[in-house]
2 protein chains.
Amino acid sequence: MKERFIGAGIMLPLLILVYLGGYFMIAAGFAIGIIGVKEFYGGFVNMGFKPSYAVGYGAIFALYAINLWMPGNYQIVCAWLVLVVLTSILYIFKIDEHKAEDAMATIVGIVYVGFFTYHVVLVDQSAHREFVWLILIIAFSTDIFAYFAGLALGKHTPKLCPNLSPKKTWAGAVGGTLGAIICSAVFGYFLCPDLLVHCLILALVGSPIAQIGDLSASAFKRKMGIKDYGNLIPGHGGVMDRFDSVIMVAPLVYYYIAFVL
Amino acid sequence: MKERFIGAGIMLPLLILVYLGGYFMIAAGFAIGIIGVKEFYGGFVNMGFKPSYAVGYGAIFALYAINLWMPGNYQIVCAWLVLVVLTSILYIFKIDEHKAEDAMATIVGIVYVGFFTYHVVLVDQSAHREFVWLILIIAFSTDIFAYFAGLALGKHTPKLCPNLSPKKTWAGAVGGTLGAIICSAVFGYFLCPDLLVHCLILALVGSPIAQIGDLSASAFKRKMGIKDYGNLIPGHGGVMDRFDSVIMVAPLVYYYIAFVL
């Protein structure tokens, strides 16, 4: 338990970077992308695959360089995706050393970790940068409320997804969603009352997606034969363990801003 | 040999669709995307993976629906990529039936086959739709000239990439590039003389990329334990065997138009 408090303390500098936004947010996103890809590839290595760390780091670097160079240009992001796939395939031209899975793992790590987390930066650069907080509120309040709702009421409700994550219950899932709605309502009411209804919609859709993010990480870790992605944050596992929900909620919030607001 | 002529005859309707362009080009791209993904997934099945055909077809359909609905919107293409990854990961939530590789194969098939070939349609919708012909000229003249140059001079030159494709020689590679440059020069001189220099640059860069596309297909097929992706076109294998170079050249030509021209 003491470890978890120390871990939470390590999160504080990150929150300061989010608060400052702009270049600080870009730096935070880049760091999370690089560390996240490193941890995710580590899981694949545990499966016997050899993803290309060089291609992974290079791709994340290129994504953020593009953002600094021509922010808001999505056509070049499509070109970036093509280059990611092309260089990953080139990597298996050493056909005696590499499997097709090595290229596939390289590509999936870049897109799932690097590109998904990148949307936090895009939200920061959008017309509603305060919604970066909403991403974190939806993701973390879902985690916390699901934990306590499951603890209090879980014994009497069926399991959510027993093969994937044996301890999760429907009570936790519903409690997590209600908790996210309440926290997002408080956030919206005090910080952006004119967008309150959108905060509620995002919490209602985003909390289940946060839980899908959590379960996705469980599915990957189960297949990789690991318990945690890393041990960077004492008591919280690695960056990928802590941000498994954020990864999925960030694109939702970003595209909601882009296409609905 | 007779088979190859029949095969070439089957290509004719496709050329008519390319000539007509617009909706006909969209239909051709969509058909190639669907058949290509089906063939590519078939190779993965041969490796013991179970990619989701439903997610693959659905993703290609969505990509073309987006094109019809809001052409030129690349932000929504980024949202499409997020959804592709998300649904592919959901697919492995049936953790006892599916491997992580099943999700990865699903994603890579959609991006490498569906998204790459989609760029032919984007070129057709660009300010230089005549460059769709240039894609085909670079890809196919590289194939043909490499074949004959290798046949004539290959015995005296070192192998290009013996582990990957034992018959290919440097003579073929150089001959293919020279052939592509000559054919593109003829095309440019007669059909778009003001863009002649760009045709030459694209042939010079695009012909090696066409050969990388060819070798990529060889690498995948080697790993999949298959000789051809399919047998749709008599004597030519499947769509993916015929379009392995086009897949790589199309994005190059498209982004050249977008960022250079």
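Residues numbered from 1 in each chain as written. Chains lettered and ligands numbered in written order. Predicted model: local features only at pLDDT ≥ 70, side-chain atom pairs only at ≥ 80, totals over all residues. Heavy atoms only, no water.

### Looking at the packing of helix α8 (residues 196-224) of chain B against helix α10 (residues 244-259) of chain B
All names here are of chain B.
Here comes step 1: As a packed pair, α8 and α10 sit with axes 7 Å apart at the nearest point and diverge in direction by 145 degrees. In this structure, α8 crosses over α10, and the sense of that crossing is right-handed. Residue-level contacts link His-198, Ile-201, Leu-202, Val-205, Gly-206, Ile-209, Ala-210, Gly-213, Asp-214, Ser-216 and Ala-217 of α8 to Asp-244, Ser-245, Met-248, Val-249, Leu-252, Val-253 and Tyr-256 of α10.
Here comes step 2: Partitioned by chemical class, the residues of the contact of α8 with α10 number 11 nonpolar, 5 polar and 2 charged. (Axes fitted to C-alpha atoms, helices over the stretch in contact; angles between N-to-C directions. Helix = DSSP H or I, 4+ residues; strand = E, 2+ residues; numbered from the N terminus. Left-handed = near helix turned anticlockwise from the far one by under 90°. Contact = heavy atoms within 4.5 Å. Nonpolar A, V, L, I, M, F, W, Y, C, P; charged D, E, K, R; others polar.)

### Some remarks on the relation of the copies chain A and chain B
Here comes step 1: Mapping chain A onto chain B calls for a screw motion: a turn of 180 degrees about the axis and a shift of 0.0 Å along it, with 0.0 Å RMSD after fitting. Viewed as a symmetry operation, the transformation between the two copies matches a two-fold axis. Across chain A, the smallest distance between a C-alpha and the rotation axis is recorded for Tyr-74 of chain A, namely 2.6 Å.
Here comes step 2: Looking at chain A, 100% of its interface residues are interface residues in chain B too, so the copies touch through the same face. (Least-squares fit on C-alpha atoms with pLDDT ≥ 70 in both.)

### Thoughts on the pattern of salt bridges
Residue and element names in this part refer to chain A.
Here comes step 1: The final tally for this structure, using the stated rule, is 10 salt bridges over all chains.
Here comes step 2: Here Arg-242 and Asp-143 are joined by a salt bridge, their closest N and O atoms 3.6 Å apart. Of this pair, Arg-242 sits in helix α9 (residues 239-242) while Asp-143 sits in helix α6 (residues 131-153), placing them 99 residues apart in sequence.
Here comes step 3: Using a relative accessible area of 17% as the deciding quantity, one classes Arg-242 as buried. (Salt bridge = Lys/Arg side-chain N within 4 Å of Asp/Glu carboxyl O. Buried < 20%, exposed > 50% of the residue type's maximum accessible area, 1.4 Å probe, protein only.)

### Concerning the interface of chain A and chain B
Here comes step 1: Of the residues lining the interface, 48 residues belong to chain A; the matching set on chain B comes to 48 residues.
Here comes step 2: For the pairing of chain A and chain B, the buried interface totals around 4400 Å² over both sides, and the portion due to carbon and sulfur atoms is 86%.
Here comes step 3: Our enumeration of links across chain A and chain B arrives at 0 salt bridges.
Here comes step 4: Inspection of the chain A/chain B interface yields 10 residue pairs in polar contact (both at pLDDT 80 or more).
Here comes step 5: Within the residue set of the side of chain A that touches chain B, elements represented by two or more residues are α4 (74-91), α5 (100-124), α8 (196-224) and α10 (244-259) of chain A.
Here comes step 6: The dominant element in the side of chain A that touches chain B, judged by the number of residues it contributes, is α4 of chain A, at 12 residues.
Here comes step 7: Residues of the side of chain A that touches chain B, tallied by class, amount to 37 nonpolar, 6 polar and 5 charged. (Buried area = accessible area lost by both parts, 1.4 Å probe. Polar contact = N/O pair within 3.5 Å; in protein donor to acceptor, adjacent residues only side chain to side chain.)

### Notes on a nonpolar patch on the surface
Here comes step 1: Taken together, the side chains of Trp-170, Val-174, Leu-178, Ile-182, Val-186, Tyr-189, Phe-190 and Leu-191 of chain A define a hydrophobic patch exposed on the protein surface, amounting to about 890 Å² of accessible area.
Here comes step 2: Topologically, Ile-182 of chain A is positioned in helix α7 (residues 170-191). (Patch = residues over 30% accessible without salt bridge, like charges linked within 9 Å, V, L, I, M, F, W, Y side chains within 5 Å. Areas by Shrake-Rupley, 256 points an atom, 1.4 Å probe, with all protein chains shown as cover.)

### A word on the nonpolar core
Here comes step 1: By size, the foremost hydrophobic cluster in this structure holds 174 residues, and its most contacted members are Tyr-112 and Phe-115 of chain A together with Tyr-112 and Phe-115 of chain B.
Here comes step 2: Each residue touching Tyr-112 of chain A, except ones within four places of it in the same chain, is listed here: Phe-40, Gly-213, Ser-216, Ala-217, Phe-220, Met-240, Ile-247 and Met-248 of chain A together with Val-85 and Ile-89 of chain B. (Core = buried A, V, L, I, M, F, W, Y, C linked by side-chain atoms within 4.5 Å.)

### A look at the environment of Gly-176 of chain B
Residues and elements named next belong to chain B.
Here comes step 1: Inspection of the secondary structure assignment puts Gly-176 in helix α7 (residues 170-191).
Here comes step 2: You can call Gly-176 buried: its relative accessible area is 0%.
Here comes step 3: In this structure Gly-176 touches Ser-141, Thr-142, Phe-145, Ala-146, Ser-207 and Gln-211, once residues within four positions along its chain are discounted.

### A closer look at the confidence of the model for chain A
Residues and elements named next belong to chain A.
Here comes step 1: Per-residue confidence for chain A gives a mean pLDDT of 91, with 95% of residues at or over 70.
Here comes step 2: Mean pLDDT across the elements of chain A ranges from a minimum in helix α1 (residues 2-20), with 76, to a maximum in helix α3 (residues 53-69), with 97.
Here comes step 3: ipTM for the predicted complex: 0.92, alongside a pTM of 0.92. (pLDDT = per-residue confidence, 0-100.)

### Points about the side chain of Asp-102 of chain B
Residues and elements named next belong to chain B.
Here comes step 1: Mapped onto the fold, Asp-102 is located in helix α5 (residues 100-124).
Here comes step 2: One buried charged residue, Asp-102, forms no salt bridge at all, with the nearest opposite charge on Lys-50 at 5.2 Å.
Here comes step 3: At a separation of 2.8 Å, a polar atom in the side chain of Asp-102 contacts the main-chain amide nitrogen of Lys-50.
Here comes step 4: Reaching out from Asp-102, the side chain makes a polar contact with the side chain of His-98 at a distance of 3.2 Å.
Here comes step 5: Leave out the neighbours within four places in its chain, and Asp-102 touches Phe-49, Lys-50, Pro-51, Tyr-91, Ile-92 and Glu-97. (Lys, Arg positive; Asp, Glu negative; His and termini not counted.)

### Quick look at the state of the cysteines
Here comes step 1: Taken as a whole, this structure holds 0 disulfides over all chains when the rule is applied.
Here comes step 2: Cys-78 of chain A supplies the cysteine sulfur nearest to Cys-78 of chain B, a cysteine that is in no disulfide, at a spacing of 5.0 Å.
Here comes step 3: Since its relative accessible area comes to 4%, Cys-78 of chain B is described here as buried.
Here comes step 4: The cysteine Cys-199 of chain B is free of any disulfide, with Cys-192 of chain B supplying the nearest cysteine sulfur at 4.0 Å.
Here comes step 5: The exposure class of Cys-199 of chain B is buried, given its relative accessible area of 0%. (Disulfide = S-S within 2.5 Å.)

### Looking at the packing of aromatic side chains
Residues and elements named next belong to chain B.
Here comes step 1: Scanning the model with the defined rule gives 38 aromatic pairs over all chains in all.
Here comes step 2: Summarising the aromatic geometry, the rings of Phe-40 and Phe-220 are spaced 5.1 Å apart at their centres and angled 80 degrees between planes, so their arrangement reads as edge-to-face. Here Phe-40, found in helix α2 (residues 23-46), pairs with Phe-220, found in helix α8; they are 180 residues apart in sequence, far enough to count as distant.
Here comes step 3: Judged by relative accessible area, Phe-220 falls into the buried class, the value being 1%.
Here comes step 4: With a centroid separation of 5.3 Å and 85 degrees between ring planes, the pair formed by Tyr-64 and Tyr-118 is classed as edge-to-face. (Phe/Tyr/Trp six-rings, centres within 6.5 Å; stacked < 30°, edge-to-face > 60°.)

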